[in-house]
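One letter stands for each residue in the lines below.
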Amino acid sequence: MYLHYVASYLPAAVVTNEHFTRLNGLASDWITERTGIRERRKAGPDENANTMAIAATHALVAGLPDFNPASINLIVAGTYTPHDTIYTAAHAVQRELNINEIPVVSISSACSSLLNAIEIVEGYFALGKASCALVVVTEHNTAYNNEEDTMAGHLWGDGAAALLFTKERLAPTDLRVVQVLTGGAAPMGKADEAVTLKPVDKGIVMPFGRDVFQQACTYMARITQQLLDANGLTVNELSYLIPHQANLRISANVVKQLGLDPARAVNNIERLGNTGCAGAAIGLAEIWPNIKQGDNLIITVFGGGYSYGAMLLERQ
């Protein structure tokens, strides 16, 4: 199958590290040194995971003036910060597009939801149940975040992205989805308590950040190398690596393990913070105009819980 286009949406409000210095005394340089983050976006009072999913979808449609949204016959949304657990982001996007009687699916596998959503599309395409799918990933982290939490309160940002997949190639600029690999690593380390979001409790907390760091570095590098090996590619043939935007030091560690030129790694965490399962897709949207024929790209992700995955894309 093919990725025809990707677009993103970011809220207008910018929250700098200085906000957390004033709030709880965390120095801006301290935050940047440990996470790479200098600022992040925050949804407005009238925004939520559903509205940002809709905004990302509008951005995608606006970027495809010759595309008829009525041809979409599957919508899959991913988020762990839902506005509504019944009227989900997928339903909100369907209603906005006014496309009735098509499958709509919402999933949550933490920050790796993007790739699991894409696997769902693969399944629908393989079974002949769909041929044109919209994947939307959206996170409203600040709705759940406790800013006064000095361990993780400064990590989170809001944003969304929309990706259009088709069973057949539509344009020379399409990216072929070569392979998607995912897995769960819940038996490992402190997967059951390292990152949690209990809506009736404290929201997002990360009491065991070191364990998250270690597992993310291990699994993101491992699954990326497995994907390269499975497709007969060397790291030098990789044009871009788009890692989950959790921590700039995690990205640097993965790059070092792989022996990849750091210039080929795509990072937006400095400007956007951790935008959950939307982060890598936003990164892909940011570099989309720069992708050339013959380029190979890998998106690699890791989520609390733990879950992980990697996807190889190529522009033929």
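J.: How should I be thinking about the sheet that holds strand 8 (residues 175-184) in this particular structure?
T.: By way of backbone hydrogen bonds, the strands of a sheet pair with one another, either parallel or antiparallel. Within the open sheet, the 9 strands sit side by side as 5-4-6-7-1-8-13-12-11. Their pairing is mixed. Sheet topology places strand 5 (104-107) and strand 11 (240-243) at the edges, where each strand pairs with a single neighbour. On average, adjacent strands in this sheet sit at an angle of 20° to one another, irrespective of strand direction. Inspection of the sheet shows strand 8 paired to strand 13 (residues 307-314) by 8 bridges, in the antiparallel sense. By the bridge assignment for strand 13, Val177 is matched with Leu313. Docked against the sheet, helix 5 (residues 113-126) engages strand 4 (74-78), strand 5, strand 6 (132-140), strand 7 (158-166), strand 8, strand 12 (296-303) and strand 13, running at close to 115° with respect to strand 8.

J.: How should the environment of Ile250 be read in this particular structure?
T.: For Ile250, the location among the structural elements is in helix 7 (residues 248-258). Put simply, Ile250 and Val212 are 38 residues apart on the chain and 9.7 Å apart in space, counted from C-alpha to C-alpha.

J.: Help me out: how do you make sense of the packing of aromatic side chains in this one?
T.: Here a ring pair, both rings aromatic, is described through the centre-centre distance and the interplanar angle of the planes. As enumerated under the stated definition, the model contains 4 aromatic pairs in all. Note on Phe302 and Tyr306: the rings are 5.0 Å apart at their centroids and 40° apart in plane angle, and the pair reads as tilted. Counting every residue linked through ring pairs, the aromatic cluster contains Tyr219, Phe302, Tyr306 and Tyr308. A cation sits over an aromatic face here: Lys190 above Phe208, 4.7 Å from the ring centre. The ring of Tyr219 carries Arg222 above its face, with NZ or CZ at 5.0 Å from the centroid.

J.: Which parts of the structure should I look at to understand the packing of helix 6 (residues 209-230) against helix 7?
T.: Packed helix pairs are characterised by how far apart their axes lie and by the angle those axes make with each other. Two elements in contact, helix 6 and helix 7, have axes separated by 9 Å at closest approach and are oriented at 40°. On the basis of the axis angle, helix 6 is oblique to helix 7. In terms of crossing hand, the pair formed by helix 6 and helix 7 is right-handed. Here Phe213, Ala216, Cys217, Thr218, Met220, Ala221, Thr224 and Gln225 of helix 6 come into contact with helix 7, specifically with Arg249, Ile250, Asn253, Val254, Gln257 and Leu258. Taken together, the residues of the contact of helix 6 with helix 7 sort by class into 8 nonpolar, 5 polar and 1 charged.

Quick notes on the rules
Residues numbered from 1 in each chain as written. Predicted model: local features only at pLDDT ≥ 70, side-chain atom pairs only at ≥ 80, totals over all residues. Heavy atoms only, no water. Pairing = 2+ DSSP bridges. Helix = DSSP H or I, 4+ residues; strand = E, 2+ residues; numbered from the N terminus. Axes fitted to C-alpha atoms, helices over the stretch in contact; angles between N-to-C directions. Contact = heavy atoms within 4.5 Å. Phe/Tyr/Trp six-rings, centres within 6.5 Å; stacked < 30°, edge-to-face > 60°. Lys NZ or Arg CZ within 6 Å of the ring centre and 35° of its normal. Parallel < 35°, antiparallel > 145°, perpendicular 65-115°, else oblique. Left-handed = near helix turned anticlockwise from the far one by under 90°. Nonpolar A, V, L, I, M, F, W, Y, C, P; charged D, E, K, R; others polar.

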